[in-house]
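Working through the structure, step by step
This is what each chain is made of:
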Amino acid sequence: MKKKGCFSKIFTVLCVLIIIAVCALYTAEYIAARNLSSRFTEFTLGNTSSNILKNGLFAENDGVIYYSNLRENSNVYALKPEEMELKKVVDNYMGYNINIMGDYMYYVSGLPGFIHMRNLETGSDRYLTLNRADNLIVTNEYMFYKYCNENNKYGRLYRTDLLGFHKKTIVDSVTEFIVDENVIYYISGSDGFLYKTDFSGENVQKLSDIAVGSISADGDYVFYTDNEEDKCNLYRVKPDGTDKELISEDRCWRILAAKRFVYYRNMNNGGKVYRIKADGTDREIAINDTTAVVNGMTENYFFYSLGDLSNKVYYMRHLETGEATELF
């Protein structure tokens, strides 16, 4: 009896010590994450909104490329292009909607899936939400995401702090959205029109007079396509709702605005990738391949894939040199 009692006490003490150690570690991580926003003196995005709308497979931060390897269960890798040094960051999790903020990577495990936060230094990984999400966009102060559980809240746009707390409804229903400094552009899940609002969900303004299929932005303009499948024409509008103009009558799919151009698949020409300036000039073929798909653009690289679904290859192309590198 004494031996059993002694063992029980030792087991209890060990359990208490483990709980204390886990709590201490969690508290340290919590404090570090809480202080994350204070490290940024100006508005910062964890990834471009346009990249996130392409499933957020690619991101760039401090000279490092982060990407989701779709051939390997969507594990996330970090690549230093100059050294071609490759490191697996996330293993056994499907990593989409990648956002990098300081020493932390935010991502969605699955499409839709749960939001994770990973410390890039220690490798510790935690869930931030218990509901499925998509369209995750992280700033230096907030997380924004679309709620994707199958219930009457599906499509709701939420804002939380960087740890997933203080959840606030911004819009009741969206199909997709993008974020800029203190402004959110979104396609309403109710009527399909393009709107903008601030980070509190107030000061709502309607920006389009037609139903919208997809959106992108470059700071000076918001770009969108109409939602008629046989048209998908490309429009622009300034953030204040002025200077609204049709800039291309091509059937534009998967639009991405970056570096003074809007990139898109031209379905009038077999799906080849075109680009055009905001004023509708300099329209040209960017990738002369009918299987090409634009997957994202960062500060220094353009990401795309070639090939059909059974034989797709992903590349990154340096924006200055034009040199292309096969990723997977």
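Everything here concerns the structure above.
For the structure given in this document, a descriptive report is provided here. (Residues numbered from 1 in each chain as written. Predicted model: local features only at pLDDT ≥ 70, side-chain atom pairs only at ≥ 80, totals over all residues. Heavy atoms only, no water.)

1. Quick notes on the side chain of threonine 197
To be explicit about the condition: Working definition: helices are DSSP H or I runs of at least four residues, strands are E runs of at least two. Numbering for both runs from the N terminus. By the criterion applied in these results, polar contacts are pairs of N or O atoms within 3.5 Å in which, for protein atoms, one can donate a hydrogen and the other can accept it, and in which residues neighboring in sequence qualify only through two side-chain atoms. By the convention used here, residues are in contact when the closest approach between their heavy atoms is within 4.5 Å.
Among the structural elements, threonine 197 can be located in strand S15 (residues 194-197). From its side chain, threonine 197 meets the backbone oxygen of glutamate 202 in a polar contact 2.7 Å long. Setting aside chain neighbours within four positions, we find threonine 197 in contact with Ile170, Val171, Asn182, Val183, Ile184, Tyr186, Glu202, Asn203 and Val204.

2. Focus on the pairing of strand S2 (residues 64-69)
Keep this limit in mind: Exposure categories follow from relative accessible area, calculated using a 1.4 Å probe and restricted to protein chains: below 20% of the type maximum is buried, above 50% is exposed, and the middle band is partly exposed. Whether two strands pair comes down to DSSP finding at least two bridges between them.
Within S2, 6 of the 6 residues are buried, which leaves the element mostly enclosed by the surrounding structure. Summarising the sheet, strand S1 (residues 58-61) and S2 pair through 4 bridges and their orientation is antiparallel. When the bridges of S2 are listed, glutamate 60 appears paired with isoleucine 65. Linking S1 back to S2 in an antiparallel pair, the connection comprises 2 residues, with aspartate 62 at a positive phi of about 55°. Sheet topology places S2 next to strand S3 (residues 75-80); 5 bridges connect them, and they run antiparallel. Opposite tyrosine 67, over in S3, you have tyrosine 77 as the bridge partner.

3. A look at the packing of aromatic side chains
The geometry of two aromatic rings is summed up by the distance between their centres and the angle between their planes. Just so we agree on the cut-off: Here the aromatic set is Phe, Tyr and Trp, taking the six-membered ring for Trp, and pairing holds for ring centres within 6.5 Å; pairs whose planes are under 30 degrees apart are stacked, those over 60 apart are edge-to-face, and all others are tilted. Two conditions define a charge sitting above a ring: the NZ of Lys or the CZ of Arg must be within 6 Å of the ring centre, and it must be within 35 degrees of the ring normal.
Under the definition given, this model contains 21 aromatic pairs. Pairwise contacts between aromatic rings join Phe58, Tyr67, Tyr77, Tyr301, Phe303, Tyr314 and Phe328 into one cluster. In this arrangement the basic side chain of arginine 275 is found over the ring face of phenylalanine 261, its NZ or CZ atom lying 3.8 Å from the centre.

4. Quick notes on the sheet that holds strand S26 (residues 301-306)
What counts is decided by this rule: Inter-axis angles, ranging from 0 to 180 degrees, are taken between N-to-C directions of lines fitted to C-alpha atoms, where helices are fitted over the stretch in contact.
Strand order across the open sheet formed by 4 strands is S25-S26-S27-S28, with antiparallel pairing between neighbours. Each having just a single partner strand, strand S25 (293-297) and strand S28 (324-326) make up the two edges of the open sheet. Direction aside, neighbouring strands of the sheet carry axes that sit 25° apart on average. Direction of pairing for strand S27 (residues 313-318) relative to S28: antiparallel, over a ladder of 3 bridges. The residue bridging arginine 317 from the neighbouring strand is alanine 324, located in S28.

5. Considering the sheet that holds S2
Pairing in this open sheet of 4 strands is antiparallel, and the strands run S1-S2-S3-S4 from one edge to the other. Looking at which strands have only one partner, the edges of the open sheet turn out to be S1 and strand S4 (85-90). Neighbouring strand axes in the sheet, compared pairwise and without regard to direction, differ in orientation by 25° on average.

6. Side note on the environment of glutamate 181
Tracing the backbone through its elements, the reader meets glutamate 181 in the loop between strand S13 (174-180) and strand S14 (183-188). Residue classification places glutamate 181 among the exposed positions, given a relative accessible area of 55%. Those residues within four positions of glutamate 181 in sequence are excluded, and the remaining contacts are Phe43 and Phe199.

7. Here's the deal with the environment of leucine 207
Looking at the element boundaries, leucine 207 is found in the loop between strand S16 (205-206) and strand S17 (212-217). Separated by 22 residues in the primary sequence, leucine 207 and tyrosine 185 place their C-alpha atoms 9.0 Å from one another. Those residues in contact with leucine 207, other than ones at most four positions away along the chain, are Tyr185, Leu194, Tyr195, Lys196, Tyr224, Val237, Lys238, Pro239, Gly241 and Lys244.

8. With respect to the pattern of salt bridges
Our working definition: Here a salt bridge means any side-chain nitrogen of Lys or Arg lying within 4 Å of a carboxyl oxygen belonging to Asp or Glu.
With the rule as written, the count across this model stands at 9 salt bridges. Glutamate 72 serves as the salt-bridge partner of lysine 88, at 3.2 Å between the closest nitrogen and oxygen. With lysine 88 in strand S4 and glutamate 72 in the loop between S2 and S3, the pair connects residues that are 16 residues apart, well separated along the chain. Judged by its relative accessible area of 36%, lysine 88 falls in the partly exposed class. Among the residues examined, glutamate 72 registers a relative accessible area of 31% and is labelled partly exposed. Close ionic contact of aspartate 282 with lysine 277 constitutes a salt bridge, the shortest N to O distance being 3.0 Å.

9. Looking at the pairing of strand S9 (residues 133-138)
Buried residues dominate S9, accounting for 5 of its 6 residues. Between the end of S9 and the start of strand S10 (residues 143-147), which pair antiparallel, lie 4 residues.

10. Observations regarding the nonpolar core
What counts here: Put simply, buried Ala, Val, Leu, Ile, Met, Phe, Trp, Tyr and Cys residues joined by side-chain atoms within 4.5 Å make one nonpolar core.
Among the nonpolar cores identified, the biggest contains 17 residues, and Tyr106, Ile115, Leu136, Val138 and Met143 are the most heavily contacted of them. Residue assignment for this core shows that the elements contributing at least two residues are strand S6 (104-110), strand S7 (113-119), S9 and S10. Not counting the four nearest positions on each side in its chain, valine 138 is found in contact with Thr44, Leu45, Gly46, Asn99, Met101, Tyr106, Met143 and Leu162. Residues Ile137, Phe144, Leu157 and Ile184 belong to the second largest nonpolar core, which totals 14 residues.

11. Looking at unusual backbone geometry
Cis peptide bonds are those with omega within 30 degrees of zero, and the linkage from leucine 111 to proline 112 qualifies with -5°. As for its placement among the helices and strands, proline 112 is situated in the loop between S6 and S7. We note that serine 74 has phi near 60°; this positive angle belongs to a residue other than glycine. For asparagine 182, which is not glycine, the phi torsion reads 55° and is therefore positive. For asparagine 182, the location among the structural elements is in the loop between S13 and S14.

These figures capture arrangement, not role.
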